[in-house]
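# A look at the structure
Below are the chains, spelled out letter by letter.
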Amino acid sequence: MVNIKLLKDIIPGFSFVLTTIFLLNSCNSSGKKKESSTNTNIQNVSKPVTKAELPPYLSEGKKVYRQVCLTCHQANGGGVPGLNPPLIKTDYVLGDKNTLLEIIIKGSEADLARDKSEYANVMQGYGMLGDEDIANVASYIRNSFGNKAEPITASEVAAFRSAIKK
Amino acid sequence: MLGNTQKLHDLITKFLFFILVLLAFSACRQKQEITEGRADLAISPDNAGIKVPDGFGVIKVADSLGAPRHIAVNSNGAIYLKLRKPIDGEGILYLEDQDGDGIADTKKGFADYGGTGIYVDDNYLYASSDEEIFRYKLNADGEVTEPYTADTLVTDLVAYRTHATKSFTLDGEGNIYVNIGAYSNACQEEDRTLGSPGVMPCAILDSAGGIWKFRADKFKQSYAEGKRYATGLRNVVGLDWNFKLNKLVVTQHGRDQLNTLYPDLFDQKTSANLPAETMYIINEDDDAGWPYIYYDHYQNKKILSPEYGGDGKKTAGENAIDPIATFPAHIAPNALLFYTGEMFPEEYKNGAFIAFHGSWNRAPEKQEGFLVAFVPFMNGKPSGEWQVFADGFAGLEEVFSPSEAKHRPTGLAQGPDGSLYVSDDSGGTLFRIVYTEQ
């Protein structure tokens, strides 16, 4: 009887200490942010991916992206708040191929379902790039920054161009 | 008897628990409220993550404010903030600190439009949308009590997609000076388009790309009633009236994209480091040269823009004014404040604080400039190089994309006691920097 009573005393006492430690701790750790790992692709541990296995549009598209798009949409595809939209998992990047091609070819002239004031910069049309370059950069952004979508081919770009004559 | 003991025991247990929780919380609070020097101010023990010179401390006045742009503090220490976009129909916030610890306790809001500019004097609050400037009467306590009866001082200013915000300041003699940013990077026929030539002469300058002057006591003024006070300024976000000089001083956002638009003339590294961000003392009818020139702070010359035949070396703009101070490229001076307070050490008196928003146009190079800078002034001119005053706003050692930055300095204001307030339109935080030594 006495023993049980003692135990009863100890357990709540112990839990108070725990609560206190917890509360103090939560006060210390607020504001700290855990760094999230960017390496999420670990499915192929048994069969290492070599550079040669990467589809060519990734390296070719990256060249175009670095030369003409990166300045605004940034290396991580995160864009610039209030100026240039992110290209990460957006409907325009992952969705209908022709809509994406229209944005790349016409730039800000393309009809986006969005208030123009949301992003204050202007994007020129990149219709002067060749079909191959456009296909590569479109496929690159559809498969970078955590995106995953079917690549776009040069013949799809050509077909879209002849449909809109640009 | 046994039941009573049990009850007492339970009570004591509960009481103990209560005390412990209280203790834990007060320890937590104390940590945030270590105060030195200035009596009851709740200076953050880690200065809210901001690095300031020895002897200074930082108070986090408020957070979760949306995107506060310019700010103004009235004579009783209450703070007005202009939001880029209204939240729940409120585009101006009013924060008050009731208990004197520096942390805002009450928040009110009004004005259903977004914008950047805000200014307060003894009788009125002034605020801008992207097209207009409004004036609100203050009551004896410095508070706006009738937000729906604002006077429209200025209206119908051009506002397109780019550089639409209307920063402004007053000269104490009833005049308003408003920046009308150029809706273009470098006045190309097609903006930001490879191979598109510069328009000659640049027609944008007729209604933008400069500072316009209006009266602070006339209603519904537009271009016909105002005056183009200075031209050739691409986009001025930070500006202030210098009462020592009795002149307007402005900071300009320099042009972007030398490399992406002229890859044959400028490599990515050069483009990340050119042109300078610039500060000018403005006299009436001055021309700072945009879009025909940009300022190269390595050569210390005004260089002909590539859109107008430049090659990075040819100089031009003989009639354009020279900057009085230059800063690294693309770091975006968003606010300018001449310090007139008594709180900070003597060397800060009459010098210029500049809130830099931090760059985006340095990519793929590392982004820079998420900081508040200081330029010492003597006899109305800079008396030394610019220096970093407050840093660490980004919350990261290296920033490659501005979306990673935790805070981006955007607005500055001086409190009646001489405190320096800094707003952040990315994290939505308001900081107050105080000097803690007597």
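Use the structure listed above.
Figured I'd write up the structure that's included with this text. This one's a predicted model, so the numbers in the text were calculated from it and none came from an experiment.

Along chain A, the regular secondary structure elements total 6 helices and 0 strands. By the burial criterion, 35% of the 166 residues in chain A qualify as buried. Of all intrachain contacts in chain A linking residues separated by at least 6 positions in sequence, the fraction that spans at least 24 positions is 57%. In the structure as shown, chain A presents an accessible area of about 10,500 Å², 60% of it carried by carbon and sulfur atoms.

This part covers empty space enclosed by the protein. Residue and element names in this part refer to chain B. All told, the structure shown has 3 cavities of 30 Å³ or more when counted by the stated rule. Lining the largest cavity are 16 residues; nearest its centre among them are Gln252, Tyr280, Ile293, Tyr294 and Tyr295. Element by element, the count of residues in the lining of the largest cavity is highest for strand β18 (residues 293-296), at 3 residues. Of the residues assigned to the lining of the largest cavity, the class counts are 8 nonpolar, 5 polar and 3 charged.

All names here are of chain B. Taken together, the 4 strands give an open sheet; going across it, the order is β14-β15-β16-β20, and neighbouring strands pair in antiparallel fashion. Looking at which strands have only one partner, the edges of the open sheet turn out to be β14 (236-242) and β20 (325-327). Strand-to-strand twist across the sheet, computed as the mean angle between neighbouring axes with direction ignored, equals 20°.

To continue, consider the sheet that holds strand β26 (residues 387-390) of chain B. The strands making up a sheet associate through hydrogen bonds between their backbones, and the pairing can be parallel or antiparallel. Residue and element names in this part refer to chain B. Strands sit in the order β21-β22-β23-β26 across an open sheet of 4 strands; the sheet is antiparallel. Only two strands of the sheet have a single neighbouring strand rather than two, namely β21 (333-338) and β26. For this sheet the average axis-to-axis angle between neighbouring strands, irrespective of direction, equals 30°. Note: strand β23 (residues 371-375) against β26, 3 bridges, orientation antiparallel.

This part covers helix α4 (residues 97-106) of chain A. Residues and elements named next belong to chain A. Where α4 is concerned, the buried positions are Lys97, Leu100, Leu101, Ile103, Ile104 and Ile105. Summarising the contacts, the buried residues of α4 are in contact with α3 (91-94), α5 (131-142) and α6 (154-164). Phi for Gly107, located one or two positions after α4, is positive at around 65°.

So, about the nonpolar core. Taken as a class, soluble globular proteins show a tendency for nonpolar side chains to be buried jointly. Residue and element names in this part refer to chain B. Core analysis: the biggest nonpolar cluster contains 31 residues, and Phe344, Phe353, Phe389, Leu412 and Ile433 have the highest contact counts within it. For this core, the elements supplying multiple residues, two or more each, are β1 (56-62), β21, β22 (352-356), β23, β26, β28 (420-424) and β29 (430-435). If one sorts the elements of this core by residue count, β29 sits on top with 4 residues. Here Phe353 is in contact with Ala335, Leu336, Leu337, Tyr339, Phe344, Tyr348, Val372, Ala373, Phe374, Phe389, Leu412 and Leu420, once residues within four sequence places are set aside. Counting residues in each nonpolar core, the second largest holds 28 residues, with Tyr119, Cys202, Phe214 and Ala316 among its members.

Glancing now at the packing of aromatic side chains. Residue and element names in this part refer to chain B. Applying the stated criterion to the full structure yields 32 aromatic pairs over all chains. Centroid distance Tyr339 to Phe353: 5.8 Å. Interplanar angle 85°. Geometry classified as edge-to-face. Linking Tyr339 in the loop between β21 and β22 with Phe353 in strand β22, this pair joins segments that are 14 residues apart in sequence. Phe353 matches Tyr339 in its accessibility class, with the two residues each being buried. Aromatic pair Phe353 and Phe374: ring centres 4.8 Å apart, planes at 50°, arrangement tilted. Of the two residues, Phe353 sits in strand β22 while Phe374 sits in strand β23, which places them 21 residues apart along the sequence. Aromatic rings pair up to connect Phe56, Tyr339, Phe344, Tyr348, Phe353, Phe374, Phe389 and Tyr435 into one cluster. For the cation-ring pair, Arg135 lies above Tyr124, with the distance from its terminal atom to the ring centre recorded as 3.9 Å.

Our next topic: the pairing of β1(B). Residues and elements named next belong to chain B. Most of β1 sits out of view: 6 of its 7 residues are buried. Where β1 lies against β29, 6 bridges are found, and the strand directions are antiparallel. Residue pairing across strands places Ile59 opposite Arg432, the latter belonging to β29.

Residues and elements named next belong to chain B. Within the secondary structure, Glu96 sits in strand β4 (residues 90-96). The side chain of Glu96 is buried and forms no salt bridge, while Lys108, the nearest opposite charge, is found at 4.1 Å. Each residue touching Glu96, except ones within four places of it in the same chain, is listed here: Ala78, Ala104, Asp105, Thr106, Lys108 and Glu143.

Conventions and cut-offs
Residues numbered from 1 in each chain as written. Chains lettered and ligands numbered in written order. Predicted model: local features only at pLDDT ≥ 70, side-chain atom pairs only at ≥ 80, totals over all residues. Heavy atoms only, no water. Helix = DSSP H or I, 4+ residues; strand = E, 2+ residues; numbered from the N terminus. Buried < 20%, exposed > 50% of the residue type's maximum accessible area, 1.4 Å probe, protein only. Contact = heavy atoms within 4.5 Å. Areas by Shrake-Rupley, 256 points an atom, 1.4 Å probe, with all protein chains shown as cover. 1 Å grid on protein atoms, 1.4 Å probe; cavity = no way out; pocket = protein on both sides within 12 Å on 5 of 7 lines; lining within 4 Å. Points joined across faces, edges and corners; volume = space filled by probe spheres on them. Nonpolar A, V, L, I, M, F, W, Y, C, P; charged D, E, K, R; others polar. Pairing = 2+ DSSP bridges. Axes fitted to C-alpha atoms, helices over the stretch in contact; angles between N-to-C directions. Core = buried A, V, L, I, M, F, W, Y, C linked by side-chain atoms within 4.5 Å. Phe/Tyr/Trp six-rings, centres within 6.5 Å; stacked < 30°, edge-to-face > 60°. Lys NZ or Arg CZ within 6 Å of the ring centre and 35° of its normal. Lys, Arg positive; Asp, Glu negative; His and termini not counted. Salt bridge = Lys/Arg side-chain N within 4 Å of Asp/Glu carboxyl O.

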